[in-house]
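Inside the fold
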Amino acid sequence: MFTGIVEELGEVVRLVDGGGDSAVIAVRGPVVTSDARHGDSISVNGVCLTVIENEDGVFTADVMGETLRRSSLGALRVGSQVNLERAATVGSRLGGHLVQGHVDGVAKILDRTPESEWEVLRFSLPSHLAKYVVEKGSITVDGVSLTVMAVDDASFSVGLIPTTLKLTVLGSKSAGDPVNLEVDVIAKYVEKMLGSR
């Protein structure tokens, strides 16, 4: 479980293709590796990955085909920057919202509108996720916990403060770039419970 509060920008230092159905990724992240052990979870652009090795500030993780198909991790290259967050611990602050690191879909940035001190980003909204996205609700974009400013059937917008622009990959992405989405898990559970009635 994560909170959607990115701890640092990491850098992909190695990618090993496992033939289309898997890959091994190595990411430099001195903050998230400072106490990481084999088996720990680290969110990479919103995808929960399991640490298999950790040495000299670089952790390695296996990525299976299902994850490559359902997220934007397959588009990463050596040198790509990624959002990193360690799993939350009991007693840690919940600065964002409950984030599982299980990507629900991939969207694209439609446009960016700069304001005086912040920026509005508008994203495409996959139709199967639209029912879970509400104005002023929470959504995770590339592992960042954000509040939805506006939503319609095909898109949603968020506002990014200077800190988010500076300390996450969302500050440097352009229109057309893919992003990982995770909708609020509570909305999915409510839907299932009410649907059984």
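Summarised in this report is the structure supplied together with it. Because the structure is a prediction, the values reported are computed rather than measured.

Describing the overall build of the protein chain
- A tally of regular secondary structure across the protein chain gives three helices and 12 strands.
- Taken over C-alpha atoms, the radius of gyration comes to 16 Å for the protein chain, in line with the 16 Å a tight globule of 197 residues would show.
- A principal-axis box enclosing the C-alpha atoms of the protein chain has dimensions of 45 × 45 × 40 Å.
- Evaluated residue by residue, the protein chain yields a buried proportion of 43% over its 197 residues.

Observations concerning the sheet that holds strand β2 (residues 22-28)
- The sheet built from six strands closes into a barrel, its strands ordered β1-β2-β5-β4-β3-β6 with antiparallel pairing. Strand-to-strand twist of the sheet, defined as the mean angle between neighbouring strand axes without regard to direction, takes the value 45°.

Here we look at the sheet that holds strand β9 (residues 138-141)
- Spatially, β7-β8-β11-β10-β9-β12 is the arrangement adopted by the six strands of the closed barrel, whose pairing is antiparallel. For this sheet, the mean inter-axis angle between neighbouring strands, taken without regard to orientation, is 45°.
- Alignment of strand β10 (residues 144-151) against strand β11 (residues 155-160), held across three bridges, turns out to be antiparallel. Bridging across to β11, Ala 150 finds its partner in Ser 157.

Reading the values: the criteria
All residue numbers refer to position in the chain's written sequence, counted from 1. pLDDT decides what is reported in this predicted model: residues at 70 or higher carry local features, side-chain atom pairs at 80 or more are listed and counted, and totals for whole chains, interfaces and linings draw on all residues regardless. Side-chain descriptors were evaluated using all non-hydrogen atoms of the structure, hydrogens and water having been removed beforehand. Under the scheme used here, helices are H or I runs from DSSP no shorter than 4 residues and strands are E runs no shorter than 2 residues, and both carry numbers assigned from the N terminus. Each radius of gyration is computed over the set of C-alpha atoms, and the globule rule expresses the reference value as 2.2 Å times the number of residues to the power 0.38. Classification of residues uses two cut-offs on accessible area relative to the type maximum, computed with a 1.4 Å probe and protein chains only: under 20% is buried, over 50% is exposed, and between them is partly exposed. Strands are labelled as partners when DSSP assigns at least two bridges between them. Comment: axis = line fitted to C-alpha atoms, over the contacting stretch for helices; angle = value between 0 and 180 degrees taken between N-to-C directions.

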